[in-house]
Every structure is written in C-alpha cells, then in structure tokens.
Amino acid sequence: GPVLDPVNVSKLLILGMTSMAIIFLMISSNILKIFKTFKSFTFFLIAFAVFGFVSMIASSSPLSQNFYGEYGRNTGFLTYFFFVVLTLASLTMISIEHFQKLIYGLLAAGIINVIYGIWVKVIGDPIPWNNNYGALLGTFGNPNFAGAFFGMITTAALALGLAPHFNWKFKLGCLVFAAISFYENLQTHAVQGMVVTFAGIALIGFFFLRSKFESSKILFGYTLSILTAGAFAIAGALQVGPLQNLIYKRSVSLRGVYWEAGLNMGLNHPLTGVGMDGYGDWYTRSRSLKAVNELPGAGVVSNAAHNVFIDIFAYGGFPLFFAYFFIILATLLSILRFSVSMRSYDWTFVTLVVSWSCYQLQSLISINQIGIAIWGWILSGAIMAYTRHFGENSGTREANSVNLGRKNTKTMNLQSQNLPLGLIAFVGAIVGALISIPPYMADSKWVTAQKTMNLEMLKKALSPDYFNPSNSIKFQSAVRLLETSNLPGEAILFARRGVVFNPNELDAWKMLYYATNSSLMERSRAKAELIRLDPLNTAWKELP
C-alpha cells in the first residue's frame, strides 16, 4: 500500500486520533475530577508520562526517534503518552455496561482477526506481506504478536461463554469462536501464543471452580496442579526436565542475552535511562562477552529487550521503571482484594482480569506492540474502576451500576457545553492526527521515492521537516539503493547525513566505512566509532 510499514505507523495514527479526541472530551466534560477517586493510580500514570518525557529530553539519541520511536516499532514517548491517556480515560467508566462494552470491543477486534485468518486459509492473504515466517500474521505483521492476541481473545471468549445467565446458543457461539481462535493461534507457530492461552484457561478454571465448590480442598488441588504444570513448563523452557524438547526454543536463550543487556542499560543510566525506544542504540555497548562469542553472536543485534519491564527500565532508569511497576502492582492488588470477596462467577470481572493477565504474561517474554499493548493499558484502568465501584458488595453490583450511571448523567447535564460532544471529539481527533501522522507521511514519501526511482524525489523524501521526520533506516536504505544504482557520489552524502543524524547508530557508521567514496579520514573515524559502539566485537579492530 502507501506505506512500507503497514502496521505500526498506521496504528500510531489511529491511536493518536482516538487519544486526543478523548483528551478533548475529558477536559470539556470536566470529568477529570473523577481521578480524585484514584489519586495514587493517577499519580503513577502521570509520573510515568513525566519521567518518560525527562528520559526523552536527556537522551543522546535523536529527538524524533525518542518521540515517535524506532522505525518498525513506533513505541516512543508519544505512544506511551497516548497509552497513559487511554488508561486515565478508562478510569471514568462507572456502569456495568461500560465494562461489558469494552469486553465486546476486545472480542470485536478478535473477530476481525479470526475472519481475516479464515480468509487467508481458504482464499489466500489479501495483503502482500513480506512474510518470511510462513505463518499467520493477523493484523500485527508478526506471528508472535498475532499468537499472543489470539491467546487473549480465546480466553476472553471462554470466560464469557461460562457466564451462567447467557442462553446456550450464545455460550455455544463463544465456545466455537474460542475454538477457531485457538486453531488460528496454532497457525502462527508462536510458542508465546500457546503459553498465554493455557495460562488464561488455567486462570478461568480457578475462578469457575471457586464459584462452584465451597470446599477449599478442590481449589487447593487445582491450584497445586496448575503451579506444578507451570513449573515443569518453565523448567522445559530453561532446558531442564522432560518438557525441554517440546517447549525450549533458541529464542529463549536469546531472551536471556537481551534481558541482560537491557538491565545493564538501566543500571548504567539509573536516573534517565538511555531514552525512549533507545535500546537499539545501546545494545552492542551493553551486551556481555558471552553474547558476542557464543549466542547469538557478534553480528546479531536487537532493538528491544523482549521484556516490557526491562525495556522500560532501559528507557528511563529507575524512575520510569518504578512508575510502571506501581501501575501494574496497583492493578494486581485491586484484583486480589476483589477476588477475596467474590464467590460467584462474575464474568465481567473474570474476562477483564484474564485478558489483562494474558497481556502481562506476554509482556514478560515479548516486545511491546501498539495493537497488543493498548489492551494491557486500558484494562489496567478498567480493572481499577471496576473493583472500586463494585468491590464492596458483589451482590449489589447491578444496583450500584444503575445508581452510578444516574450520577454520571446528572454530572454530564450539569456541565456547561457550548459545543456538541461530537464536534469536540472531532477537533481532538484532528489535533491527534496532526501530532501522530508525521511517521506515516514520512513512510509514504519514502515508498513513493523508491517506486519511482527518481533521485530528486529520493532527496525530498530524506529532507527532514515536521511531516517528514528522519530515521536511521531511511538513510541506510538510501545508501544501499544509490550504491547499487552506481551513484556512489550521492550515496556518500546520505552516509554522512546518517551519522550526523544519529552518531549512536552502529549501522550508520558501517555504511560510512564501506561506502565507495568514503575518504581515508572518514573510514578511520568510522572504525573508531564502530569500536566505541561495539567494544567487545574484535572484528572492528581488525578493519584496515
């Protein structure tokens, strides 16, 4: 289509429009007062945004990279700011219908992916992905993310299907949907998808058995069995025990290397971290000697820790990490407090908790992606709101819902509105589009320049302005394209611009060193920079 990255820049644009529309609505409705009910939680959310901003300003990586994120990820400050906004907005939900609509929204996103998966299986993929995985990608462009999401919606559908007051047709529909989703999960060939699915099913089983049996022995036996199975699974992932041949993958060992590097980044920059989405600029300076000489090897690099907590620690040091940690901890504590008093099967609560838990588990072993992470953040706020409003007496939840809904209507009627809500939201969406569209526009210009193979258009695509922020990938691609087109004089210009744009980008210095028209002085400096940025890799010292 019009962009090279059809997943992340598109989702960032939609995320920005939605979030800014919500900001405008919250301000115009004076609904920010509701945050006083969640003072501590709101404090940690705001602290996260503030510390993320500080990290961005203090980073030695390019500002545009910190703000919009690495190309192909787009998980920079702007994305996390929008996540914070959506989480704050989810705190304003007060009626039972609000929470149930959120669940239906999650399942609607799942239905789209399931239908898309069926289309791919029966007819063929309508999207011309550069699919090197040979697996189902869903709307995520990556089978691991698709597998994790299928795990979330499979368990959400199961949790909904076990609700006692639905008729058998609805329950059957939920089970059929869950089965199809599980099958498509298998088509992603993603281990994390299966891990998320079975963990979610185990959690559903806990709540369901707790509602059916008063005997603590049954629940204790079930919990012990699940924990034992989980221990064997973890041992297998670590190449120990009878399940190692079934569960272990090389990527497990790689994660240990990536985690270690991320921890080193945070420990070496404890107050500000290395910058939002700055992991890639610091990986080779933070990895261990074992990572260079053994697994994954000197030539393999990464721009993410494959663990969201460690990524955030690397991005912003201890302040950003603790802000995020307490957001998750507050949500977890609210779940535990609510669960203690809940004896019936509250399908709304169970579905929210199971979906949230699936994301949290995925975040421990994978990379943040907008289409997955958005649910983790929104569900945190939703769970906080649900447990606050309906946590005191589970038997009066429906009545509380009605009363709270009436209070909300009264509050909305008391506000002074000179403009209709739809217009306010529209203006907010336009502002959001102006803020979040630059990466999309830049990618579109770059695709057009590549298709036309016109040198002037290529130069325009690499000329930075507000709607065309630079990124290292474009400079490197331009150098390769111009070198293969026998235009070394033009290639060297962009190689030089690449190292000026981001002096911490290892590949940018490689491009300058190997460019045909590099001078001896430039190659000497590039060699020195390669050694600085990748000190444990002896290959750079052996360069002529």
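Residues numbered from 1 in each chain as written. Predicted model: local features only at pLDDT ≥ 70, side-chain atom pairs only at ≥ 80, totals over all residues. Heavy atoms only, no water.

Colleague: A description of the environment of F321 should follow, citing residues and the corresponding values.
Modeller: By the secondary structure assignment, F321 is in helix α14 (residues 308-341). Spatially, the C-alpha atom of F321 lies 6.9 Å from that of F309, the residues being 12 residues apart in sequence. Excluding anything up to four places from it in sequence, F321 contacts F309, I312 and F313. (Helix = DSSP H or I, 4+ residues; strand = E, 2+ residues; numbered from the N terminus. Contact = heavy atoms within 4.5 Å.)

Colleague: An account of the side chain of E522 is needed here, citing residue identities and associated values.
Modeller: Tracing the chain through its elements places E522 in helix α24 (residues 520-533). One polar contact links E522 to R496, side chain to side chain, over a distance of 2.6 Å. Excluding anything up to four places from it in sequence, E522 contacts I492, R496, L512 and N517. (Polar contact = N/O pair within 3.5 Å; in protein donor to acceptor, adjacent residues only side chain to side chain.)

Colleague: So what's going on with unusual backbone geometry? Residues and values would help.
Modeller: Cis geometry is found at the peptide bond from L295 to P296, where omega equals 5°. A positive phi angle is found at D277, which is not glycine, with a value near 60°. Turning to its location among the elements, D277 is positioned in the loop between α11 (250-268) and α12 (279-286). A positive phi angle is found at N486, which is not glycine, with a value near 60°. Take N486: it is sitting in the loop between α21 (472-484) and α22 (488-501).

Colleague: Mind laying out the pattern of salt bridges, listing which residues take part and the relevant values?
Modeller: When their charged atoms lie close together, side chains carrying opposite charge are able to pair. Taken as a whole and judged by the stated rule, the model has 5 salt bridges. One salt bridge in this structure joins R287 and D534, with 2.8 Å as the shortest N-O distance. Here R287, found in the loop between α12 and α13 (289-293), pairs with D534, found in the segment after α24; they are 247 residues apart in sequence, far enough to count as distant. One salt bridge connects R496 with E522, and the closest N-O pair in it is separated by 2.6 Å. Remark: E522 occurs in helix α24 and R496 occurs in helix α22; sequence separation between them is 26 residues. Residue R496 is classed as partly exposed on the basis of its relative accessible area, which comes to 34%. (Salt bridge = Lys/Arg side-chain N within 4 Å of Asp/Glu carboxyl O. Buried < 20%, exposed > 50% of the residue type's maximum accessible area, 1.4 Å probe, protein only.)

Colleague: Account for the packing of helix α15 (residues 347-365) against helix α16 (residues 370-390), with residues named and values stated.
Modeller: It is the contact of α15 with α16, at a shortest axis distance of 9 Å, that shows an interaxial angle of 140°. When the interaxial angle is binned, α15 and α16 end up oblique. Once α15 is placed against α16, the crossing between them reads as left-handed. Of the residues in α16, those in contact with T348, F349, L352, V353, S355, W356, Y359 and Q362 of α15 are I372, A373, G376, L379, S380, A382, I383, Y386 and T387. Each residue belonging to the contact of α15 with α16 can be placed in one class, and the counts come to 11 nonpolar, 6 polar and no charged. (Axes fitted to C-alpha atoms, helices over the stretch in contact; angles between N-to-C directions. Parallel < 35°, antiparallel > 145°, perpendicular 65-115°, else oblique. Left-handed = near helix turned anticlockwise from the far one by under 90°. Nonpolar A, V, L, I, M, F, W, Y, C, P; charged D, E, K, R; others polar.)

Interpretation in functional terms is not warranted from these geometric data alone.
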